[in-house]
Amino acid sequence: MDKKEILKFYVEMVNSILNIYNLNKNNTTEKITKRILNWIIREYKGKIKLYASEDAIKWAKSQGISDSLSNYNWKDQVKKKEKGGLGDKKRENLHLEHIIPISQIIENLFETKTSNDIQNILNEISVAWIKRDQQQKLDKGHKQERGENLKTCLECCKEYCGELTEIGEYKVTLDYDNKSEKK
């Protein structure tokens, strides 16, 4: 599947889930729907913009990593450098942060009216490599007040992480079992 097909699939899936929720609105179904959407956003395999803080880039260079952090994903963080990873085995140095918090993305999805609205929200999903201490400062009470869209969230992040520079597209792996497709 290419990125456009993946995006279309996710839009249809989220739209279906929200439609089912809207037919059965109550506290229990809201909690269930939020958990499902949380998982979908964490597993999203569409196009995701990737940013990095200057401190994260400096850390990588200090570790002898000469290529861009855009060549690494969350799974690569803990791999040894010799095996193509960042060598941050306990995730003590770097953190991969959703710029718009997942909880805000979910709230935005609950407010959608059309499939196009859903697509626009999914298109804004962005992550950033930041240092662990930057993540701790950012999370201390600032998850809820980052804003509702990418622009306002980037402004909030700037205060705690410095300027986040767009460094490419997040390296998404489609590591699903292809054996079942062959049957």
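Residues numbered from 1 in each chain as written. Predicted model: local features only at pLDDT ≥ 70, side-chain atom pairs only at ≥ 80, totals over all residues. Heavy atoms only, no water.

*Asks:* Help me understand the layout of surface pockets, please; the structure alone is not making it clear to me.
*Replies:* The gaps left among the atoms become clear once a water-sized probe is rolled over them. Reported here for the largest pocket is a volume of approximately 720 Å³. Forming the walls of the largest pocket are 30 residues, and the residues nearest its centre are R42, W74, L96, H98 and Y170. Elements supplying a minimum of two residues to the lining of the largest pocket: α2 (27–42), α4 (74–78), β2 (94–98) and α5 (102–110). Here the lining of the largest pocket gets five residues from one element, more than from any other, and that element is β2. Here the lining of the largest pocket is built from residues that sort into 13 nonpolar, seven polar and ten charged. (1 Å grid on protein atoms, 1.4 Å probe; cavity = no way out; pocket = protein on both sides within 12 Å on 5 of 7 lines; lining within 4 Å. Points joined across faces, edges and corners; volume = space filled by probe spheres on them. Helix = DSSP H or I, 4+ residues; strand = E, 2+ residues; numbered from the N terminus. Nonpolar A, V, L, I, M, F, W, Y, C, P; charged D, E, K, R; others polar.)

*Asks:* I'm lost on the confidence of the model for the protein in this one. Help?
*Replies:* As a general rule, the predicted coordinates of low-pLDDT regions are not to be interpreted in detail. With 93% of its residues at a pLDDT of 70 or more, the protein has an overall mean of 91. With pLDDT under 50 throughout, residues 177–183 is counted as low confidence; its partners more than four residues away or in other chains account for zero contacts. (pLDDT = per-residue confidence, 0-100. Contact = heavy atoms within 4.5 Å.)

*Asks:* I tried to follow helix α8 (residues 150–161) on my own but got confused; where do I start?
*Replies:* Because an α-helix packs 3.6 residues into every turn, residues spaced three or four apart end up facing the same way. Among the residues of α8, L150, C153, C156, C157, Y160 and C161 are the ones counted as buried. What you see down the axis of α8 is that its buried residues fit within an arc of 125°, all on one side. Opposite its buried face, α8 presents the exposed residues K151, E155 and E159, each directed more than 90 degrees away. Two or three places before K151, at the start of α8, stands the capping residue N149, its side-chain oxygen 3.2 Å from that residue's backbone nitrogen. Following α8 by one or two positions, G162 has its phi on the positive side, about 80°. (Buried < 20%, exposed > 50% of the residue type's maximum accessible area, 1.4 Å probe, protein only. Arc of directions from axis to C-beta. Polar contact = N/O pair within 3.5 Å; in protein donor to acceptor, adjacent residues only side chain to side chain.)

*Asks:* I keep staring at the pattern of salt bridges and nothing clicks. Help me out?
*Replies:* Pairing is possible between side chains of opposite charge, provided their charged atoms come close. Under the defined criterion, the tally for this structure stands at ten salt bridges. Notably, a salt bridge pairs E107 with K34, separated by 3.1 Å at the nearest N-O pair. You can see E107 sitting in helix α5 and its partner K34 sitting in helix α2, a full 73 residues away along the chain. The class for E107 is partly exposed, based on a relative accessible area of 32%. Here E163 and K158 are joined by a salt bridge, their closest N and O atoms 3.3 Å apart. You can call K158 partly exposed: its relative accessible area is 38%. (Salt bridge = Lys/Arg side-chain N within 4 Å of Asp/Glu carboxyl O.)

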